[in-house]
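# Chain and residue survey
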Amino acid sequence: MKRIIIDCDPGNGIAGANTDDGLAIALALASPMLSLELITTVAGNTPCETGAQVAKDLIVRLGLDIPVVQGATQALQEDPAPWRETLDKRVEKLELVKLWQGVRQPDAVMADGDDAAEAMGKLICDNPGEITLVAIGPLTNVALAMQRYPAMAESVAEIVIMGGVFALDDYIKDTNFGVDPEAAHYVLHSGATLTLVPMDVTTQTLLTQQDLTRLTDIDHPLTQFVRETLRPWIDYSMRTRRLPGCWIHDALVVAWLLNQRVAYGIDYRVDIELREGATRGKSWRYRQPLRVDVGIPAHCGALVHVLHSVDNDVLLAIIQKAFASLKN
């Protein structure tokens, strides 16, 4: 059994907020191969407090005893205001709030603490080599934990990150790296064992309404949570992105821990742009050492394992198998 922490920014039940974090949490909870020992939340897809409420409400509904600790409310340096304007108000501007009509919002429950960096760093450093960190939001909490616990980069078994975008039309940067470029840069260069799951691969995933019905046909509070909160998000994605369903970015991260045949990767040199301007927060990668005679250092960027292709049928089968185990 793999012991994991999930650091996230869930929005399940919140109008206009992406629901893939909630699906990733649900997949981890349903998988006998994973032991979810801590959930931490960070400002990103939703404000930090909102994400903590979503996660804690789910844990309470399931009657589980997994701590939910909220963390950073804003990035290390990046101004949060433009991001919050876009992420929190987009659904209203598009007049699509009605898609969430009748969807249960999370109860107003209190998190188990407000120092995610401390909880994360302590758990990892007290259990060297045993904890895998699943980072599916901006990396602020992770960077703060590493600064407070210098041994964390060596103590963590692996950090699997959903973040970055390299070669997608219409995307200069992704939300997770864009919300906090300094944190992403710090973690990439930390020396920890890293696997990166960028948008280039997560946009190869797809969940349709028909898939959702099939995967959640088990009568269980967890599948009910997934079914109820993902339905409006799929409709929203179909209308705004002209997709036949929705991408399930973060679920791929957890699925890869369960079965690495779901996606294949290559080791790259990876870095992120920190200079002011339109490309701030943009990630880049290359495979071979660059030639010194062209003026670029041979070891520019951090060495990271980057996923680049996914088998969506295998991904859906992993989710179905996990949810089917809830019958037992």
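Further up the page is the structure itself.
Here the residue numbering is sequential within each chain, running from 1 through the sequence in written order. Residue-level local features of this predicted model are given only where pLDDT is at least 70; pairs of side-chain atoms are given and counted only at 80 or more, and the full residue set underlies all totals for whole chains, interfaces and linings. Neither water nor hydrogens contribute to the side-chain values; these are computed over all heavy atoms in the structure.

As a further point, take the layout of surface pockets. Cavity: a set of points on a 1 Å grid over the protein atoms alone where a 1.4 Å probe fits but cannot get out. Pocket: an open set with protein on both sides within 12 Å along at least five of seven lines, its lining residues, like those of a cavity, having an atom within 4 Å of a point. Grid points are joined across faces, edges and corners, and a volume is the space filled by probe spheres set on the points. Of the voids in this model, the largest pocket is the one considered here, and its volume is about 600 Å³. Strands here mean DSSP runs of E at least two residues long; helices mean DSSP runs of H or I at least four residues long; both are numbered from the N terminus. Of all the elements in the fold, those that place two or more residues in the lining of the largest pocket are helix H1 (20-30), helix H3 (81-93), helix H7 (175-179), helix H11 (221-241) and helix H12 (249-258). At four residues, H3 tops the list of elements feeding residues into the lining of the largest pocket. Across the lining of the largest pocket, the residue classes tally to 10 nonpolar, seven polar and nine charged. Its volume calculated, the second largest pocket comes out at about 220 Å³. Taken together, Ser31, Pro32, Met33, Leu258, Asn259, Val314, Ala317, Ile318, Lys321, Ala322 and Ser325 form the lining of the second largest pocket. Among the elements that take part in the lining of the second largest pocket, helix H13 (residues 312-324) stands out by supplying five residues, more than any other. For this scheme, ten residues count as nonpolar: Ala, Val, Leu, Ile, Met, Phe, Trp, Tyr, Cys and Pro. Four count as charged, namely Asp, Glu, Lys and Arg, and the remainder, Gly too, count as polar. Residues belonging to the lining of the second largest pocket are distributed by class as follows: seven nonpolar, three polar and one charged.

What follows covers the packing of aromatic side chains. The way to describe two aromatic rings as a pair is by their centre distance and the angle between their planes. For Phe, Tyr and Trp, where Trp contributes only its six-membered ring, two rings pair if their centres lie within 6.5 Å, and the inter-plane angle classes them as stacked under 30 degrees, edge-to-face over 60, or tilted in between. For the coordinates displayed, the defined rule picks out three aromatic pairs. Centre to centre, the rings of Trp100 and Tyr236 are 5.7 Å apart; their planes meet at 65 degrees, and the pair counts as edge-to-face. Of this pair, Trp100 sits in the loop between H3 and helix H4 (116-126) while Tyr236 sits in helix H11; the two residues are 136 residues apart in sequence, bridging distant segments of the chain. Summarising the aromatic geometry, the rings of Trp284 and Tyr286 are spaced 6.1 Å apart at their centres and angled 15 degrees between planes, so their arrangement reads as stacked. Judged by its relative accessible area of 11%, Tyr286 falls in the buried class. Clustering of aromatic rings is evident, with ring pairs tying together Trp100, Trp233 and Tyr236. Here, a charge over a ring means that NZ of Lys or CZ of Arg falls within 6 Å of the ring centre while also lying within 35 degrees of the ring normal. Positioned above the aromatic ring of Tyr268, the side-chain terminus of Arg285 is 4.6 Å from the ring centre. Each residue's exposure class comes from its accessible area (1.4 Å probe, protein chains only) as a fraction of the maximum for that residue type: buried when under 20%, exposed when over 50%, partly exposed otherwise.

Our focus in this paragraph is the packing of helix H2 (residues 48-62) against H11. Structural elements are reduced to axes, namely lines fitted to C-alpha atoms, with helices fitted over the stretch in contact, and the angle between N-to-C directions of any two is expressed from 0 to 180 degrees. Here H2 crosses H11 at 145 degrees, and the two axes come no closer than 9 Å. Residue-level contacts link Leu58, Arg61 and Leu62 of H2 to Pro221, Leu222 and Phe225 of H11. Looking at the contact of H2 with H11 residue by residue, the class counts come to five nonpolar, no polar and one charged. The contact criterion used throughout is that any non-hydrogen atoms of two residues lie within 4.5 Å.

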